[in-house]
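Chains, contacts and geometry: an overview
Letter by letter, the chains look like this.
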Amino acid sequence: MLRRLKRLFSSNRIENVLITPYRSYGTKNHLYILGRVLDDVPLKIVKDQSFFNTLKTTYKQFDSFEISYAKVELNIPQFLDLKTEADREGYFLFEETFTEDLSSKANDEGWVTVNLLFKKSEDSIPSEERKHFQGEVLVPNDKAEYGIISDIDDTIIHTGVTSFLKWRLLKNSLLTNAYKRIPFKGAADFYQKLHLGKNGENKNPVFYISNSPWNLYQYLKLFMDFNKFPKGPILLRNFRTPFDRSIKPEKPHKQKEIINILKTYPELKFILIGDSGEHDASIYTDIAAQYPDRILTIYLRSVNHKRQMDRVRSIVTEFDTTPILMVDNSNDAEEHARQNGFI
């Protein structure tokens, strides 16, 4: 509250420009990168953080000061220069199609580094006004055997999304240090094996999808990097408040993002990984029915919720388009993957 009052009486003067580009994906001839421009300092999460500082960090993730209509420039040296303007909430999007080969700028893992610059106005000159940041875009290797699309909540990290009134979800996601969150046993190792594929050489792309808001991006990114999950695009969603009167998307967030990935890489088949806690079973089977030749298998981690498990079992039993395996742990999924030649 004090920060907001201070800004109100300072004529909206920008103090600390922070551009947060979200890990994204593209192709040799198409770039897509989303991010946000804030008047803030980088989020600091440390291992020995006290509960009070954890609570303070959580508050800061949602108490953000967006820089509305910020001018943002994107540069890939000797390849591409673009300009755009953020929206009212500070979100910006670069999407461009070109004839040159973007993969020529990628490292061995397929990641392309992009430079992002802030301009206070169109006619501002290079000075301390211009802040420099970097983002990353994944261009999958041509030799990838398949791709992996995974849910995050209750799939690689326990959130308690099925708990009564979702109180465990709130406690785990908002009141627990990212360094202290414990991934499901063996999950990171299993994902690394899928990432390497059958011969251990190919770089199979991994995409992470969650219904969590973009406000938790840095938190989730830190968790996955710290626990050594394969590096991949992290696709979250906009935070909707009860007062948001904008038109709701026609399709659920996860379904929309998965279909976008399938359309982006029409020659690539995918393994879908989720849990039986919410709607993954329905969404994944709907997608497999639409793209029967694109989904190799579906892994659903079992959750401790009888009603949900009964509902999911009925879906799994009646669906025969794509193999579906309900697993209690990563070892079960790994054994199935090995038997089917995925690893």
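Before reading further, recall that the structure is shown in the block above.
Presented here is a report on the structure given in the accompanying data block. (Residues numbered from 1 in each chain as written. Predicted model: local features only at pLDDT ≥ 70, side-chain atom pairs only at ≥ 80, totals over all residues. Heavy atoms only, no water.)

On to the pattern of salt bridges, then. Throughout the structure, instances matching the rule amount to 14 salt bridges. The residue Asp151 makes a salt bridge to Lys254 at a minimum N-O spacing of 3.0 Å. Remark: Lys254 occurs in helix α6 (residues 253–264) and Asp151 occurs in strand β9 (residues 147–151); sequence separation between them is 103 residues. Taken as a pair, Asp151 and Lys254 share a single burial class, namely buried. (Salt bridge = Lys/Arg side-chain N within 4 Å of Asp/Glu carboxyl O. Helix = DSSP H or I, 4+ residues; strand = E, 2+ residues; numbered from the N terminus. Buried < 20%, exposed > 50% of the residue type's maximum accessible area, 1.4 Å probe, protein only.)

Another point: unusual backbone geometry. One non-glycine residue, Asp154, lies in the positive phi region at around 60°. Within the secondary structure layout, Asp154 lies in the loop between β9 and α3 (167–174).

Here Pro323 is to be found in the loop between α8 (306–318) and β14 (324–327). When the C-alpha positions of Pro323 and Thr297 are compared, they lie 5.0 Å apart, and in sequence the two are 26 residues distant. Those residues in contact with Pro323 that lie beyond four places of it in its chain are Leu296, Thr297 and Ile298. (Contact = heavy atoms within 4.5 Å.)

A separate point is the sheet that holds strand β6 (residues 91–97). Pairing is antiparallel in the open sheet, where three strands are placed in the order β1-β3-β6. Of all strands in the sheet, those bounded by a partner on one side alone are β1 (17–21) and β6. For this sheet, the mean angle separating the axes of adjacent strands, direction not counted, is 25°. Relative to β6, strand β3 (residues 30–39) runs antiparallel, the two sharing seven bridges. In the strand pairing of β6, Tyr32 is matched with Glu95. (Pairing = 2+ DSSP bridges. Axes fitted to C-alpha atoms, helices over the stretch in contact; angles between N-to-C directions.)

In the sheet, strand β4 (residues 71–76) pairs with strand β5 (residues 80–85) via six bridges, with the strands oriented antiparallel. Bridge pairing in β5 links Ile76 to Leu80. Connecting the antiparallel pair β4 and β5 is a turn made up of three residues, with Gln78 showing a positive phi of about 55°. Alignment of β4 against strand β7 (residues 111–119), held across five bridges, turns out to be antiparallel. Considered in β7, the bridge of Val72 is made with Phe118.

In this section: helix α4 (residues 187–196). Among the residues of α4, those classed as buried are Ala187, Ala188, Phe190, Tyr191, Leu194 and His195. One face of α4 carries all of its buried residues, which in axial projection span an arc of 160°. Of the surrounding elements, those touching the buried residues of α4 are β9, β10 (206–213), β12 (270–275), β13 (295–301) and α9 (330–339). (Arc of directions from axis to C-beta.)

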